[in-house]
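Residue-level structural notes
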Amino acid sequence: MTRPRVVITGVGTVSPLGIGADLLLRRWVAGEIGIVDGEGAARDYVATDHLSKKEVRRTDRFAHMAMTASDEALAQAGWSDELPYDPERIACIYATGIGGLGSLEQQHDLMRDGGNASVSPLSVPLFMPNAAVAALSMRHNLRGQTYATASACAAGSHSIGAATRAIQVGDADAVIAGGSEATLTLLARASFGKMGALSPSGISRPFDLRRDGFVMGEGAGVLVLEDAEKAAARGARALGEIRGFASTADAYHLTAPDPTGEPAASAIRRALADAGLTAADVDYINAHGTSTGLNDASETAAIKLAFGEELARAVPVSSTKSATGHTLGAAGALEAIVSVLAMNERIIPPTLGLDVPDPELDLDYVPNVSRPLQPRNGAPIALSNSFGFGGHNVVLCLEGAA
Amino acid sequence: MATATPEAVEARVVEALASFGPDADQVTRDATFEELDIDSLDLVELAQIVEDDYGVELKGDDMKSLKTVGDAIDLVVARAQ
């Protein structure tokens, strides 16, 4: 028996490039960068513009952005008025790298200054990492399996992979997937800074010789994934398909990627095999591309190992993080979404700020200017790479509309 | 510590509850917590506020018996005597 195909019927985003998935693509392709003063804040996002007073009060910013992005995604899928499936057949698997860190810091300050009684009874539901997925479940009455994925900067892609599997094994007819992060906080800045991961220059320029670390961003991406036959039966339009998914672990170092790139290459090979495709079928790679010295080098090595030198040099590779900064647990979701939208517009989006090539990194990183995408065979195919602290490697194989 | 006159307590309780979600004009003495979508977590926060302002300590069991805004105001005023 063949497994069900999994299609994307709705997407929604909040990002440093504004509110809305089409806007994210349009602004990135136009060369706009959402980073100001060294951070990719979702500056246009004011929770009270989108949510009730009670929702805003009871959830952290990472859940606020999740709810707003989910409204966009469900509306596009045609779910706004009524759920198309039994609510217990709709799962919600949603990522965060850290959770409600801003709320955690705030409550810790209150406790330190005023004692235990000063802590809000809402503290735990504000900062728990599953707060966003719980809020999505309650907001939309989703009653199937509901949990958060946590694998740092790979979490958003893990959520899409787990969601895809849930549909393929028949546990769900549809899944709300994606990820959120809102950690532009004092502790996060200090912590990522201390470990030497943050860019001292405050510039995200993946694959550039001058790259000096990642720029922290915030945002949320939500995808509505459905069993393709059931989506077609209700007349839904598919934006794209999750063709393949694979995940491996480096088992190498707490934060540094395996410099050989071999475990990440293995994830690429396995994702292609899961899709029933080969490297020669790939039209575009949306890189993890963090702008750290180590990631961009090991990711380049991984692509070469998986594709072979010749095919690796031929495939365009670009990094969304050049426009948004690194949105941690949201990144995989935002990048899968924007990759599918770009394919559907037949555009290869650029790596912005890449002006001084690193002689060690010799792939086609699409510097600064987008270009047209001409699919090799019918429907366009992209890979989206995500790698997380802890050695988590996730690769999604995505198909756009034919 | 503020003096717990019925008027002062009413104004403070209404203000607190309105900050939790409902519009201030919905928060009348007769309004039930159910109608206002005020749940147990909100009531724990309300208890913290009245303790800070009036020194009245309300326990979980006290809160459970409250059905309306008026019930909460009356309980705080009575305990503050």
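Residues numbered from 1 in each chain as written. Chains lettered and ligands numbered in written order. Predicted model: local features only at pLDDT ≥ 70, side-chain atom pairs only at ≥ 80, totals over all residues.

This part is about the overall build of chain B. If you tally the helices and strands in chain B, you get 5 helices and 0 strands. C-alpha atoms of chain B, sized along the principal axes, occupy 30 × 25 × 20 Å. When contacts within chain B are restricted to residue pairs at least 6 apart in sequence, those whose partners lie at least 24 apart make up 61%. (Helix = DSSP H or I, 4+ residues; strand = E, 2+ residues; numbered from the N terminus. Contact = placed C-beta atoms within 7 Å.)

Among the nonpolar cores identified, the biggest contains 124 residues, and Ala66, Tyr94, Val175, Leu223, Leu225, Ala271 and Leu396 of chain A are the most heavily contacted of them. Per element, the largest residue contribution to this core is 10 residues, and it comes from helix H14 (residues 331-344) of chain A. Counting contributing residues, this core receives three or more from each of domain 1 (6-233) and domain 2 (244-400) of chain A. Counting residues in hydrophobic clusters, the runner-up holds 19 residues, among them Val14, Phe33, Ala72 and Ile73 of chain B. (Core = buried A, V, L, I, M, F, W, Y, C linked by C-beta atoms within 7 Å. Buried ≥ 20, exposed ≤ 12 C-beta atoms within 10 Å, placed from the backbone. Domains from an automatic or database assignment.)

To continue, consider helix H5 (residues 69-80) of chain B. Compared with the 16 Å implied by 1.5 Å per residue over 12 residues, the 17 Å span of H5 of chain B between its first and last C-alpha is a close match. The secondary structure elements touched by the buried residues of H5 of chain B are helix H1 (6-19) and helix H3 (40-54) of chain B. (Expected span 1.5 Å × (residues − 1).)

Attention now moves to the interface of chain A and chain B. Residue-level contacts link 8 residues of chain A with 7 residues of chain B. Here the side of chain A that touches chain B is built from residues that sort into 3 nonpolar, 2 polar and 3 charged. (Nonpolar A, V, L, I, M, F, W, Y, C, P; charged D, E, K, R; others polar.)

For the rest of this paragraph, the subject is the packing of helix H10 (residues 262-275) of chain A against helix H11 (residues 293-307) of chain A. All names here are of chain A. One way to put it is that H10 packs onto H11 with a least axis distance of 8 Å and a crossing angle of 50°. Considering the angle they form, H10 stands oblique to H11. Here H10 runs over H11; the crossing is right-handed. Packed against H10, whose contacting residues are Glu262, Ala264, Ala265, Ile268 and Arg269, the element H11 presents Ser298, Glu299, Ala302, Leu305 and Ala306 at the interface. For the contact of H10 with H11, a count of residues per class yields 6 nonpolar, 1 polar and 3 charged. (Axes fitted to C-alpha atoms, helices over the stretch in contact; angles between N-to-C directions. Parallel < 35°, antiparallel > 145°, perpendicular 65-115°, else oblique. Left-handed = near helix turned anticlockwise from the far one by under 90°.)

For the rest of this paragraph, the subject is the confidence of the model for chain B. Residue and element names in this part refer to chain B. Confidence in the prediction of chain B, expressed as mean pLDDT, is 92, and 100% of residues score 70 or more. Predicted confidence in chain B is weakest over helix H4 (residues 60-64), with a mean pLDDT of 83, and strongest over helix H2 (residues 33-36), with 96. Reported for the predicted complex are a pTM of 0.96 and an ipTM of 0.86. (pLDDT = per-residue confidence, 0-100.)

Moving on: the pairing of strand E7 (residues 240-249) of chain A. When a strand is regular, its side chains alternate between the sheet's two faces. Residues and elements named next belong to chain A. The buried count for E7 comes to 9 of 10 residues, which makes it a mostly enclosed element. With 2 bridges joining them, strand E1 (residues 6-15) and E7 adopt antiparallel strand pairing. Bridging across to E7, Val7 finds its partner in Glu241. When E7 meets strand E13 (residues 392-400), the two strands line up antiparallel, connected through 9 bridges. Note that in E13 the partner of Gly244 across the bridge is Cys397. (Pairing = 2+ DSSP bridges.)

Residue and element names in this part refer to chain A. Among the structural elements, Gln168 can be located in helix H7 (residues 155-168). For Gln168, a count of 18 C-beta atoms within 10 Å puts it in the partly exposed group. The spatial distance from the C-alpha of Gln168 to the C-alpha of Arg3 is 5.4 Å, given a sequence separation of 165 residues. Filtering out sequence-adjacent residues up to four positions away, Gln168 remains in contact with Arg3, Pro4 and Val6.

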